[in-house]
Amino acid sequence: MESTFDFSKITCWFNDLLLGWGLAPWLVTTIECILVGVGLLLLYALLALFYIYFERKVCAAFQCRLGPNRVGPFGLLQSFADMFKILIKELIHLNHIDRFLFALAPYLVIIASMMAFAVLPWGPGLQIIDFNIGIFFLIAVSSIGVLGILLAGWSSNNKFTLIGAMRSGAQMISYELSIGLSVITMVAFAGTMNVNEIVLAQDRCWFIFAGHVPAFIAFVIYLIAGTAETNRGPFDLPEAESELTAGYHTEYSGIHFGFFYLAEYLNLFIVGGVAALLFFGGWMPFHIPGWEGFNHVMNYIPGVVWFIGKAVVISFIIIWFKWTFPRLRIDQLLKLEWKYLLPINLFNLALMVVIILTGFYIH
Amino acid sequence: MATIQENIAAKFPQATFEEADVLQINIPDAQLHDLAKTLRDEYGYDYLITIVGIDRVECLGAIYFLSNTKTNQEISIQVTTTDRQNPVITSIADLWSIATIYEREVYDFYGIIFLNNPDMRRLFLSIDWVGYPLRKDYDNGPDSNPVTLEAEPQSDDTHVYTRGEDGKIVCTEKPIFAKNDFVVNIGPQHPATHGVLRFRTAVDGETIKKIDVYMGYIHRGVEKLCENLQYMQTLHFMDRLDYFSAHNYHHGLCMCIERAAGIEVPRRAQVIRVLMDELSRIASHCLFFGTYCMDLGATTMLFYTLRVREQILDIMKKTCGARMTFNYDCIGGVMADLDPDFVKDVKALLATIPANIKEYNKIFTGNVIAEGRLEKMGIMTRQQAIDWSVTGPSGRASGWACDVRKTHPYSIYPEIQFDEIVMTEGDSMARFKARLLEMEQSAHIIEQLIDNIPEGDYLAKVPKVLKLPQGHWFQLVEGCRGVFGVYIESDGGTQPVRMKFVTPSLNLAAVVDEITSGNKIADLITIAGSLDYIVPDMDR
Amino acid sequence: MEVTTKSMPYEAWKDNEYIEGLVEELRANGTNVLVGTLDKLINWGRSNSLWPLTFATSCCGIEFVSLGAARFDMARFGWEVARSSPRQADFMMVAGTIVNRMAPVFRRLYDQLAEPKYVIACGGCAISGGPFRKSYHVAKGIEDIVPVDVFVPGCPPCPEAMIYGIMQLSRKVKVERFFGGVNRQEKQKEFLADSPVAQKAEEIINGEQA
């Protein structure tokens, strides 16, 4: 642990520096907030662009294709080109719609996923806010997104978007339960809702190994529910191409559509990041109890790399789902949640409690 | 046949008979319904192949082609009317459901009103279309029906014509949907309709209540165009109806013309034609799997199935010179000889097919989600299939053995060993599997032929300008999606008087409402996709 | 200024004169350095990210599917994000015949596309009516209905030809001017002046609004 660089040293130093210049504490906080905000936006955009490229390449690989390779080396600049184009694409003004809600919806979606970023622990000390109900906050803000989707579908005054939004509403509310329960299972295991403490508790052994059977079940359920939460195949009913043209965002053009597009990929990252945090030790390097030399080597890899690496691997699995499975039907989707995942989840939570009480886990 | 003719003659003294390749019964309109009912119930002619509208200048009329699904014999009924202003024929829509659509087509082209048809609207053309295009006196000038960008007038009502007590024809309006239905327009520009087809769908939440199919968004008037072209020139349209069964359709039209003109096709050409038919069947089914799975969200499958299709297209490109519109079969044989690499390439293809089919099964057929979505979905019974004349793999998946290669063996098919795939479930999964199995059978047919391509001419000597004797001919072949029929009527000249193409996709689209109502919107995609219609094929 | 494309020599292109003409037009009035650079950046983005609308009426549509498949893989160029909603697409590949009944729908689809929008007439039917030109129910080319940027002949054009066509479109996009250049809406007016069918439609639309 000692050799992993603690990022809080830099932030503390910066804070002291500003205070040392004689600035008022409120001003210091404001400056810091703005800097963090700008940094977050940049990171957000870059990550989303990376994800767009990543998904295209992965999907191309599954489909025996090459994927983007013309724009920039290996097609790396492809998503930048897409961004430039989408930024200056016309925003179509529609008649007979609720203009305010129509314009508000994409921002709600993107703000929801941005706020979830706030509590993700990127590395030791590299976290925007660290407070005792971190996980709770994460679940709360990530469900604002569904409001944006519902508004988008309703305000567009289009039958397809309405059906898409209703599907999305039903789906998100159902799967929110599964996510919540599987997260609670892990919170019960960790004994805290504080994100940082959860990560630190996995110093010796990641929860997925420490909590063995119930943790693994929780992970599988989390992965399924997470895929559904991000509206990705096989649960992409709200924007099912072949049924509803483009689902709830059919009527959106230009950057407003861009927001939905980006948010989809960012949510993918968030699902991956939370899974990494709860099951795979967040930024914590891979440690095997007893192998001190090996652990020492692992510590040299920075925490940020560990965290992003884990998140990307998990989101790769979700991408893999999308390009393999056919889509579910709405009733099958809800049946899966209410008849299978929910009871299993409740049982799993009880199992986890028993395991904690009996101490039958890896210490 | 003779007994039927005698019995009919005894029962319907007004009927006259005409021996052509199919026995034709001429009957006045008043007795049409009775005759059709007698033929269906007493003689087992339960499959209505098509209704051909005709305009012989002195009279308008319709020819009904019926087939017996047990003995596979055909019979036709001809009804004519001399009234050009208000031509009226009694409907048989209560005997065959598909007749509703067929009669709408005839009404659209010839303006013949069918009494008691529950839905007498135009089928392909808009409601404000002036004139009836397939009538001989139709004005095809640039001003009669110009291209307009005004939104097409829509009506929520349909018409029903009945004969009142005083003998006058009464027109009543009937709404298509119930008053408070929530109607969603699916199409014409929609990714799941496989082209420009429009479903007006009344939904209750996610459940479909009724579907009204709108066609004609790609109606190109092929039948009318053919009337002004020489026989040789009509061939190329066959590539552009069902572009996946281009070879099969060519085969059908060529056979019909050859039979009429009495041309003997060299054996080599016949073998080549059958080889090409079966190759295009494999390619067509491959694309079906791909697009179908893509509709269901499993996009990756498309890329695997297109691999085989590309391989077949390569083989065809070498011989025919094109990837899609081949125009390869021609009257008297085929256009060009086989490429020297043909046998080698086809053998390479055959070697890959079993592995590919295994892979498709692995990716899709055995998938839990796929099973959940396809099984017991959109069940079509054998009776429904016959009632709606749904042929091809879709009909066979419902247990109706309707493969023309077996029922009316043509070309060299009688000599070939292959099984007709008939399933009993009738659901979407059966339709999917029937195509997979058919692919294996096609490969089996190719295997038998590929080493036995006889040497010799590939094209018989045919006059440059072909004249057919006076008369009419009807020919059926098995396309990739079902029964394709050609009706040619000639007055002895170089151009046909009437050419009618019976395409399977029309029936496939017509049956969608019947088997989809009550299911979810998502199932519309599952069911319509599994029927595998091609929109230009139904619109012609 | 040559409009260059990655791994394709300039001489290999046909219609270079046409593009050079556009370049001349672009240069005619001179431009600000900053604006010029921004223009280049925007054009780079636009030309490399042409998203098609999934629109096909007949045979050509199947070749368009092949274009997306592994062998021709239009994803290489960044064209693979085929959008089903016209609001989000950049260009429309008119693959297939447009008939009378489809024409109003087609025009509406074009109107629903967000600017900048482009049209490729793909195949004989879209260009002139093709083999169905004499039919009673076929539009004789889509040029009367919408302004067309690139024509790709063939029946249907092979996927290679389609790639060439879209690359030509991409070249055209590269010499556009976003700031203060020829406005696309003015182009629209020019088009309206030429096409009586579209003119009439415009009148009707204006009439409805008034």
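Computed from a predicted structure; not experimentally measured. (Residues numbered from 1 in each chain as written. Chains lettered and ligands numbered in written order. Predicted model: local features only at pLDDT ≥ 70, side-chain atom pairs only at ≥ 80, totals over all residues. Heavy atoms only, no water.)

A. Spotlight on the overall build of chain A. Looking only at helices and strands, chain A features 15 helices and zero strands. Whereas a compact globule of 363 residues would reach a radius of gyration of roughly 21 Å, chain A reaches 21 Å, a difference of no more than 12%. Taken along the three principal axes of its C-alpha coordinates, chain A extends 65 × 60 × 45 Å. Total accessible area computed for chain A in this model is approximately 14900 Å², and 77% of it derives from carbon and sulfur atoms. The average position of the 18 basic charges and that of the 22 acidic charges among the side chains of chain A differ by 12 Å. (Helix = DSSP H or I, 4+ residues; strand = E, 2+ residues; numbered from the N terminus. Rg over C-alpha atoms; globule rule 2.2 N^0.38 Å. Areas by Shrake-Rupley, 256 points an atom, 1.4 Å probe, with all protein chains shown as cover. Lys, Arg positive; Asp, Glu negative; His and termini not counted. Charge placed at Lys NZ, Arg CZ, Asp CG, Glu CD.)

B. Structural context of the overall build of chain C. Of regular secondary structure, chain C possesses eight helices and four strands. Along chain C, from the amino end to the carboxyl end, the secondary structure elements read α-α-β-α-β-α-β-α-β-α-α-α. Split into buried and exposed, the 210 residues of chain C put 57% on the buried side. Partitioning the contacts of chain C with sequence separation of at least 6, the portion at a separation of at least 24 is 79%. (Buried < 20%, exposed > 50% of the residue type's maximum accessible area, 1.4 Å probe, protein only. Contact = heavy atoms within 4.5 Å.)

C. Representation of a nonpolar patch on the surface within the structure. Residue and element names in this part refer to chain A. There is a patch of nonpolar side chains on the surface, built from Ile34, Val38 and Leu42 and spanning about 290 Å² of accessible area. Inspection of the secondary structure assignment puts isoleucine 34 in helix α2 (residues 25–62). Residue classification places isoleucine 34 among the exposed residues on the basis of a relative accessible area of 53%. (Patch = residues over 30% accessible without salt bridge, like charges linked within 9 Å, V, L, I, M, F, W, Y side chains within 5 Å. Salt bridge = Lys/Arg side-chain N within 4 Å of Asp/Glu carboxyl O.)

D. Just the nonpolar core, in detail. Leu48(B), Tyr64(B), Phe199(B), Leu279(B), Phe501(B), Ile98(C) and Ile142(C) are the most contacted members of the largest nonpolar core, which totals 206 residues. For this core, the leading source of residues is helix α7 (residues 267–295) of chain B, giving 13 residues. Here this core spans two domains, since at least three of its residues come from each of domain 1 (16–141 + 151–159) and domain 2 (222–539) of chain B. Excluding residues within four positions of it along the chain, Leu279(B) makes contact with Ile312(B), Ile315(B), Met316(B), Phe342(B), Val346(B), Leu349(B) and Ile446(B). (Core = buried A, V, L, I, M, F, W, Y, C linked by side-chain atoms within 4.5 Å. Domains from an automatic or database assignment.)

E. Structural context of the interface of chain C and chain A. Listed per partner, the contact involves 35 residues of chain C and 34 residues of chain A. Carbon and sulfur atoms supply 56% of the area that chain C and chain A bury against each other, a total of about 2900 Å² over both sides. Counting the surface chain C buries against chain A, the share from its top three residues, Trp44(C), Arg76(C) and Arg87(C), is 22%. The interface formed by chain C and chain A contains four salt bridges. In this structure, the salt-bridge partner of Lys85(A) is Asp90(C), at a minimum N-O distance of 2.6 Å. Here chain C is connected to chain A by 17 residue pairs in polar contact (both at pLDDT 80 or more). Broken down by element, the residue count for the side of chain C that touches chain A peaks at six residues, all from helix α2 (residues 33–48) of chain C. (Buried area = accessible area lost by both parts, 1.4 Å probe. Polar contact = N/O pair within 3.5 Å; in protein donor to acceptor, adjacent residues only side chain to side chain.)

F. Inspection of the pattern of salt bridges at higher detail. Residues and elements named next belong to chain A. Counted under the stated rule, the structure contains 49 salt bridges over all chains. Where arginine 329 meets aspartate 331, a salt bridge forms, and the shortest distance between an N and an O atom there is 2.8 Å. Assessed through its relative accessible area of 8%, arginine 329 is described here as buried.

G. Representation of the interface of chain C and chain B in the model. The interface is formed by 45 residues belonging to chain C together with 49 residues belonging to chain B. Across the chain C to chain B interface the summed buried area is about 3900 Å²; carbon plus sulfur atoms make up 65%. When the buried surface of chain C facing chain B is broken down by residue, Arg101(C), Phe132(C) and Tyr136(C) rank first, second and third, together holding 23% of it. Counting every contact that joins chain C to chain B gives three salt bridges. Across the salt bridge formed by Arg71(C) and Glu310(B), the nearest N and O atoms sit 2.6 Å from each other. Linking chain C with chain B are 11 residue pairs in polar contact (both at pLDDT 80 or more), by the criterion used here. Looking at the side of chain C that touches chain B, the elements with two or more residues in it are α3 (59–68), α4 (103–112) and α8 (196–209) of chain C. Among the elements that make up the side of chain C that touches chain B, the one with the highest residue count is α3(C) (six residues).

H. Focus on a negative patch on the surface. Judged by side-chain charge, Asp15(C), Glu17(C), Glu20(C) and Glu24(C) come together as a negatively charged surface patch. Inspection of the secondary structure puts Glu24(C) in helix α1 (residues 16–27).

I. Spatial organisation of unusual backbone geometry. Between Cys155(C) and Pro156(C) the backbone carries a cis peptide bond, its omega angle lying at -10°. Secondary-structure assignment places Pro156(C) in the loop between β4 (150–152) and α6 (159–174). Despite not being glycine, Asn72(B) shows a phi value in the positive range, around 60°. Relative to the elements of secondary structure, Asn72(B) occurs in the loop between β4 (60–67) and β5 (74–81). Overall, the relative accessible area of 23% leaves Asn72(B) in the partly exposed class.

J. Region of the structure containing the sheet that holds strand β1 (residues 52–53) of chain C. All names here are of chain C. Taking strand neighbours across the sheet as the criterion, the four strands line up as β1-β2-β3-β4 in an open arrangement whose pairing is parallel. Bordering the open sheet on either side are β1 and β4, each of which pairs with just one other strand. Two strands pair when backbone bridges link them, and strand β2 (residues 91–95) and strand β3 (residues 118–122) are joined in this way by five bridges, in the parallel orientation. Bridge pairing in β3 links methionine 93 to isoleucine 120. Lying over the sheet, α4 contacts β1, β2 and β3, oriented at roughly 160° with respect to β2. (Pairing = 2+ DSSP bridges. Axes fitted to C-alpha atoms, helices over the stretch in contact; angles between N-to-C directions.)

K. Structural view of the sheet that holds β5(B). Residues and elements named next belong to chain B. Overall, mixed pairing links the five strands, which are arranged β1-β2-β5-β4-β3 in an open sheet. The outermost strands of the open sheet, each flanked by one partner alone, are β1 (16–19) and β3 (47–55). For this sheet, the mean inter-axis angle between neighbouring strands, taken without regard to orientation, is 20°. Note that β3 and β4 share eight bridges and pair antiparallel. Each residue of the ladder has a partner; that of isoleucine 54, found in β4, is glycine 61. Where helix α2 (residues 29–43) meets the sheet, it contacts β2 (23–26), β4 and β5, and its direction lies at approximately 165° from that of β5.

L. View of the packing of aromatic side chains. Considering all chains together, one arrives at 52 aromatic pairs over all chains under this definition. Aromatic pair Phe50(A) and Phe54(A): ring centres 5.5 Å apart, planes at 20°, arrangement stacked. Taken as a pair, Phe50(A) and Phe54(A) lie in helix α2 at a separation of four residues, close to a single helical turn. You can call Phe50(A) partly exposed: its relative accessible area is 35%. Between Phe219(A) and Phe280(A) the ring centres are 5.1 Å apart and the planes differ by 80°, which places this aromatic pair in the edge-to-face class. One end of the pair, Phe219(A), is in helix α10 (residues 212–229); the other, Phe280(A), is in the loop between α12 (254–279) and α13 (292–299), with 61 residues separating them in the sequence. Put simply, the rings of Tyr44(A), Phe50(A), Tyr51(A), Phe54(A), Phe62(A), Phe117(A), Trp122(A), Phe269(A), Phe307(A), Phe316(A) and Trp320(A) touch in pairs and so form one group of aromatic residues. Lys322(A) extends its terminal NZ or CZ atom over the ring of Trp323(A), reaching a point 5.4 Å from the ring centre. In this structure, Arg435(B) packs its charged tip against the face of Phe288(B), placed 4.4 Å from the ring centre. (Phe/Tyr/Trp six-rings, centres within 6.5 Å; stacked < 30°, edge-to-face > 60°. Lys NZ or Arg CZ within 6 Å of the ring centre and 35° of its normal.)

M. Local environment of the pairing of β4(B). Residues and elements named next belong to chain B. Burial runs high along β4: eight of the eight residues are buried. The alternating pattern of β4 places Leu60, Ala62, Tyr64 and Leu66 and Gly61, Ile63, Phe65 and Ser67 on opposite faces, both of which are buried. Taking the residues between adjacent antiparallel strands as the criterion, β3 and β4 are bridged by four residues, where valine 57 takes a positive phi near 65°. Relative to β5, β4 runs antiparallel, the two being bridged by eight bridges. Opposite leucine 60, over in β5, you have threonine 81 as the bridge partner. The hairpin formed by β4 and β5 contains six residues between the paired strands, and asparagine 72 there has a positive phi angle of roughly 60°.

Purely geometric stuff here, so don't read any function into it on its own.
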